[in-house]
Amino acid sequence: MFVIKTKNYRELSKRACDIIAREILKKPDLTLGLATGNTPLGLYKELIKEYKKNKIDFSKVKSFNLDEYYPIKKKDKKSFYYYMFKNFFNKIKIKKSNINMLNGETKSVKKECLNYEKKIKKNPIDVQILGVGVNGHIGFNEPGSDFNSKTRLIELTKETIKRKSRFGKKVPAKALTMGIKTIMKAKKIILLASGKPKAKAIQHLIKTKSDKDWPVTALKKHKNLIVIINI
Ligand code: GLP
């Protein structure tokens, strides 16, 4: 595990952007695992800036998002589909056919999850961007999630629902998420954490042993983990 402590959120975003830009330069058809939430917004802004300066070419890049609420319509402003197109995909030139997201409108959850795992097997994730929940969740793998879990439907904790429901817009109580085992298969993982509320989760990751109550601690076993923190 390689830990980078930055002096502010902007530096955290720029450091993560530099690593990803280098990886895409080395492998133009890189497969990128993407996260949502507030933390990666600064990174997406930096990546868009570099793209506009012709420093990054996304035309051959493939992407897989970690998770999506369920059930939810793509056009719902609370969906991660909406978030990704608004904050990233609509602002860079990436092939729509290379974008992979769990479908919050699927009628068959089991088939959706199996297909997602198959697609990832066919296009293994080279670099996975991760945030971390205050309760130590990664993707939507909540505390108690099995470290051998695969892509599946999960129940969100009350704390996560409360945290994610803002301005009266309640998020669904369930979500589709890549499993911990799925995440761990990525060749490189970049974990981003910003702000005091994440300190406890990061402390567990760095200072304690693997613990199912803190899903982020599963990452301790990953051979190529970069943790960029501004806490
Ligand atoms: C959600 C997402 C996670 C994200 C977490 C933290 O649960 N499913 O992928 O890491 O929130 O979000 P934030 O970065 O807004 O704190």
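Residues numbered from 1 in each chain as written. Predicted model: local features only at pLDDT ≥ 70, side-chain atom pairs only at ≥ 80, totals over all residues. Heavy atoms only, no water.

1. Topic: unusual backbone geometry
Then step 1. Cis rather than trans, the peptide bond between Y70 and P71 has omega equal to -10°.
Then step 2. With respect to the helices, strands and loops of the structure, P71 is situated in the loop between β4 (67-70) and α3 (80-87).
Then step 3. In this model, N54 sits at a positive phi of 55°, which is unusual for a non-glycine residue.
Then step 4. Here N54 is to be found in the loop between α2 (41-52) and β3 (62-65). (Helix = DSSP H or I, 4+ residues; strand = E, 2+ residues; numbered from the N terminus.)

2. Thoughts on the pairing of strand β10 (residues 225-230)
Then step 1. When you tally the buried positions in β10, you get six out of six residues, the bulk of the element.
Then step 2. Covered by surrounding structure in β10 are L225, V227 and I229 together with I226, I228 and N230, the residues of both alternating faces.
Then step 3. Here strand β1 (residues 2-5) runs beside β10; their pairing, made up of four bridges, is parallel. The residue of β10 that forms the bridge with F2 is I226.
Then step 4. In terms of strand pairing, strand β9 (residues 188-194) meets β10 through six bridges, oriented parallel. The residue bridging S194 from the neighbouring strand is N230, located in β10. (Buried < 20%, exposed > 50% of the residue type's maximum accessible area, 1.4 Å probe, protein only. Pairing = 2+ DSSP bridges.)

3. Some thoughts on the layout of surface pockets
Then step 1. Put simply, the largest pocket is a space of about 1000 Å³.
Then step 2. The wall of the largest pocket is formed by 37 residues, among which G37, N38, Y83, K164 and R166 lie closest to the centre.
Then step 3. For the lining of the largest pocket, the secondary structure elements donating two or more residues are β4, α3 and α5 (158-164).
Then step 4. The biggest single contributor to the lining of the largest pocket is α3, with five residues.
Then step 5. Grouping the amino acids of the lining of the largest pocket by side-chain chemistry returns 15 nonpolar, 13 polar and nine charged. (1 Å grid on protein atoms, 1.4 Å probe; cavity = no way out; pocket = protein on both sides within 12 Å on 5 of 7 lines; lining within 4 Å. Points joined across faces, edges and corners; volume = space filled by probe spheres on them. Nonpolar A, V, L, I, M, F, W, Y, C, P; charged D, E, K, R; others polar.)

4. Thoughts on helix α7 (residues 199-207)
Then step 1. All buried positions along α7 are accounted for by A201, I202, H204 and L205. Viewed end-on, α7 has its buried residues packed into an arc of 155°, placing them on one side of the element.
Then step 2. Looking at the packing, one finds that the buried side of α7 touches β9 and β10. (Arc of directions from axis to C-beta. Contact = heavy atoms within 4.5 Å.)

5. Quick word on the packing of aromatic side chains
Then step 1. Overall, the coordinates contain ten aromatic pairs when judged by the stated rule.
Then step 2. An angle of 15° between the planes, with centres 5.7 Å apart, marks the rings of F80 and F140 as stacked. With F80 in helix α3 and F140 in the loop between β6 (127-130) and β7 (152-155), this pair connects stretches of sequence that are 60 residues apart. Both residues of the pair, F80 and F140, belong to the buried class.
Then step 3. Among the aromatic residues, ring-to-ring pairing joins Y44, Y51, F58, Y81, F85, F88 and F89 into one connected group.
Then step 4. Here K74 stacks its cationic end above the ring of Y81, 5.6 Å away from the centre of that ring. (Phe/Tyr/Trp six-rings, centres within 6.5 Å; stacked < 30°, edge-to-face > 60°. Lys NZ or Arg CZ within 6 Å of the ring centre and 35° of its normal.)

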